[in-house]
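# Analysis of the macromolecular model
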Amino acid sequence: MSIAINMENVNSIEDEFHVRLTEPVDLDELCNPDGRGSEFEVVLPEAPEEKQYFDEEDVFKHLNYEVNNVDGSDSEDDNQTPFDSIAKKMFSVIGDGSVMKRVKRVGSGEVIPKAYTATIHYEGYVEYCDVPFDSTRLRGKTQKIRLGEGQVILGLEVAVGTMRKGEKSDFLIQHQYAYGPMGVPPRIPGNATVLFVVELLNYSDTPLVPDMDTWSAERRKDATFEEILDIANAYRKAGNDAFNGDENGHKRISKAASQYIKAIRLLENARLANQSEEDEMKRVLLKLYLNLALCDIKQGQCPRALSNCIKALEIDPQNIKAMYRRGQALWHSNEFDKGRHWILKAQKLNPKDAHIQAELRKLDRKKAEMDQLHKATYQRMFASANSTSKSSDVAKEAKTKDKQKKCTPEAQDLLQTKLKEFIKDDVLTEMPFALDTLTSAETEYLQQAALEMGLEVRTLHQNSDKYLKILKPKPEAEQ
């Protein structure tokens, strides 16, 4: 680049500037007032590269060609912009037309009520730029907003407030409902109309949980019991929503349990000022212990379930649910007599409860199966003990033959029945077998049968005992 400078045009030292020259300058010629000035070339700095906000390959999947009018439907009006073309396919959701809507996929149920919490995915675009300026999908995380609390731009909140669960819609939002006259440079110009593609995944009346991780140590220390209680209740409701959600069983129960645990830790460490606060804390903790115990039982975490039931009974010794779930946790750990004791205590307080009656029948059936299996095992043990009166060589020979024996049809039927009932059981996720109660042939048959049924098999050592643990496969994580 060539630049001609005449020193008469430099009025003051404030007009000085610095550039890098490709060749030296003749200063005498440059300073000569009668001269023609001097010509020289300068090296201009390279323009900075545009900041990449998202991965390029992921961005490519979310390009919106319609904002560039690249959709095969060019307008006959040369003055019509891409957003003008899109707006013709929309309807206004507020009187002045500042928020326009086009439904791309119809949802179900009622429109989200006011003050509810919405879980959404969205992409935002400005006109003539097919790359989203913001995208929850590119960030890999859904957005939760509480309607009426101003957590997002007004236009997006108005938009979400018109949607139903499962709906996906486009919204054109004018600048006064979006980012205003200033915009958000460099990605969103001032006075820009924006296009949002929004999908309403779910909604509930559960308030958003404040992020206590962002609180300073002083803020945590000064938190009142009312604040702690509100946050704990929000965690509890979030756990209830997860437990009753649409995700697969293992994932939703795990999510629910994590929310209950957060709430329990908050309340157990809360500082209490009076008896009234202690009573309220215990009231909420009782619900949390019971809910977490149910999650534990469904996940096969029976020792933890038992611990939570004991804590619940310390708060309310006559609580029927705590007795019932304590009994469940015990008999699922093969403590049948203890389990029956607690379930009967619950039944005594509520004799007509159908769930308690069904649980007792289920317990009795499982116990009968285990008794039958143990009986067969003891018979083999006594038969083996009688053979020890023979010489050691004969005993070794008998032991070798016992190992070579095939699993009897009766044992096969019993093991098959137990595996099938385990698969049908919606609560149990694992089932242990003590290896000292099975012959090598029965152990081999059990392993093979379990694998053929799609179950997992693990051998565990606990002190001097060996166990064969049968587990249901965990469901794959959702993409």
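Our subject is the structure listed above.
Quick summary incoming for the structure in this document.

How each quantity is defined
Residues numbered from 1 in each chain as written. Predicted model: local features only at pLDDT ≥ 70, side-chain atom pairs only at ≥ 80, totals over all residues. Heavy atoms only, no water. Helix = DSSP H or I, 4+ residues; strand = E, 2+ residues; numbered from the N terminus. Polar contact = N/O pair within 3.5 Å; in protein donor to acceptor, adjacent residues only side chain to side chain. Salt bridge = Lys/Arg side-chain N within 4 Å of Asp/Glu carboxyl O. Buried < 20%, exposed > 50% of the residue type's maximum accessible area, 1.4 Å probe, protein only. Contact = heavy atoms within 4.5 Å. Expected span 1.5 Å × (residues − 1). Disulfide = S-S within 2.5 Å. Axes fitted to C-alpha atoms, helices over the stretch in contact; angles between N-to-C directions. Parallel < 35°, antiparallel > 145°, perpendicular 65-115°, else oblique. Left-handed = near helix turned anticlockwise from the far one by under 90°.

### Things to note about the environment of Asp-134
As for its position among the elements, Asp-134 is in strand 8 (residues 134-135). As for Asp-134 and Arg-187, which are separated by 53 residues in sequence, their C-alpha atoms are 9.3 Å apart. For Asp-134, the side chain forms a polar contact with the side chain of Arg-139, separated by 3.1 Å.

### A few points about the pattern of salt bridges
Overall, the coordinates contain 15 salt bridges when judged by the stated rule. One salt bridge connects Arg-283 with Glu-280, and the closest N-O pair in it is separated by 2.6 Å. Here Arg-283 pairs with Glu-280, and both are found in helix 9 (residues 275-298), just three residues apart, close to one helical turn. Under the relative-accessibility criterion, Glu-280 is labelled partly exposed at 24%.

### Overview of the side chain of Glu-167
Tracing the sequence through the fold places Glu-167 in the loop between strand 10 (164-165) and strand 11 (168-173). Classification of Glu-167 as buried rests on a relative accessible area of 3%. A distance of 2.6 Å separates the side chain of Glu-167 from the side chain of Ser-169, its partner in a polar contact. Excluding residues that lie within four positions of it along the chain, Glu-167 makes contacts with Lys-101, Val-103, Arg-105, Val-106, Gly-107, Thr-162, Val-198, Glu-199 and Leu-200.

### Digging into the environment of Phe-40
Relative to the helices and strands, Phe-40 resides in strand 3 (residues 38-43). Owing to a relative accessible area of 12%, Phe-40 belongs among the buried residues under this scheme. Each C-alpha atom of the pair Phe-40 and Glu-23 lies 7.1 Å from the other, and the pair is 17 residues apart in sequence.

### Quick word on helix 11 (residues 320-331)
Over its 12 residues, helix 11 extends 17 Å from the first C-alpha to the last, a length consistent with the 16 Å expected when each residue adds 1.5 Å. Most of helix 11 sits inside the fold, with 10 of its 12 residues counted as buried. Among the residues making up helix 11, those that are buried are Ala-322, Met-323, Tyr-324, Arg-325, Arg-326, Gly-327, Gln-328, Ala-329, Leu-330 and Trp-331.

### With respect to unusual backbone geometry
The omega angle of the peptide bond from Pro-185 to Pro-186 is 0 degrees, so this bond is cis rather than trans. Turning to its location among the elements, Pro-186 is positioned in the loop between strand 11 and strand 12 (194-204). Although it is not a glycine, Asn-334 adopts a positive phi angle of roughly 70 degrees. Within the secondary structure layout, Asn-334 lies in the loop between helix 11 and helix 12 (336-349).

### Digging into the state of the cysteines
In total, this model carries zero disulfides according to the counting rule given. Cys-309 supplies the cysteine sulfur nearest to Cys-302, a cysteine that is in no disulfide, at a spacing of 9.8 Å.

### Let's talk about the packing of helix 10 (residues 302-315) against helix 11
Between helix 10 and helix 11, the least distance of the axes is 9 Å, while the angle of their chain directions is 155 degrees. By the angle between their axes, helix 10 is roughly antiparallel relative to helix 11. Here helix 10 runs over helix 11; the crossing is left-handed. Of the residues in helix 11, those in contact with Cys-302, Ala-305, Leu-306, Cys-309, Ile-310, Ala-312 and Leu-313 of helix 10 are Ala-322, Met-323, Arg-325, Arg-326, Ala-329 and Leu-330.

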